[in-house]
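So you can see what is in the structure, the chains are spelled out below.
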Amino acid sequence: PGHQFFLCQRAIYLVTFNPAQANWQVSVEYWLRQIKARSPPLKVPTVLLVSTHCDLFSAEARTAILAEVSSGFFRSYGGIKSRHIVSGHSGEGLPS
């Protein structure tokens, strides 16, 4: 986990996760709860979810990861504006 000092209501949050790690969903859910807990009522900050290490997964596995993110986190946390899957190693998913 990072430092909670940097959580504020006017921020745009980038929550990154590595789906190759066990229980990555628990970590994402933890950070979404932390962000939501430090936000005023009825003011949900913007969150971008970024799945890293996509070069380790097949196209089918990537689709399944994004589907799990969409079905689980998008419904439970209204501030998620987009989700992405990228690889720093291969550059896949990153702008040219």
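Here, every reference points to the structure presented above.
Throughout what follows, the structure given in this document is the object of discussion.

### Regarding the packing of aromatic side chains
This structure, assessed with the given rule, holds three aromatic pairs. For the pair Tyr 30 and Trp 31, a centre-to-centre distance of 5.0 Å together with 85° between the ring planes defines the contact as edge-to-face. A relative accessible area of 15% means that Trp 31 is categorised as buried. The structure contains a cluster of three or more aromatic residues connected by ring pairs, namely Phe 17, Trp 24 and Phe 73.

### Considerations on helix 2 (residues 59–76)
Here helix 2 contains 18 residues, and its C-alpha end-to-end distance of 26 Å stays within 8% of the 26 Å for a straight helix at 1.5 Å per residue. Largest kink in helix 2: about 25°, centred on Ser 70. Taken together, the buried positions of helix 2 are Arg 62, Ile 65, Leu 66, Val 69 and Phe 73. Contact partners of the buried residues in helix 2: strand 1 (12–17), helix 1 (24–37), strand 2 (46–51) and strand 3 (80–85).

What counts and what doesn't
- Residues numbered from 1 in each chain as written.
- Predicted model: local features only at pLDDT ≥ 70, side-chain atom pairs only at ≥ 80, totals over all residues.
- Heavy atoms only, no water.
- Phe/Tyr/Trp six-rings, centres within 6.5 Å; stacked < 30°, edge-to-face > 60°.
- Buried < 20%, exposed > 50% of the residue type's maximum accessible area, 1.4 Å probe, protein only.
- Helix = DSSP H or I, 4+ residues; strand = E, 2+ residues; numbered from the N terminus.
- Expected span 1.5 Å × (residues − 1).
- Bend = angle between axes of the 7 residues up to and from the residue.
- Contact = heavy atoms within 4.5 Å.

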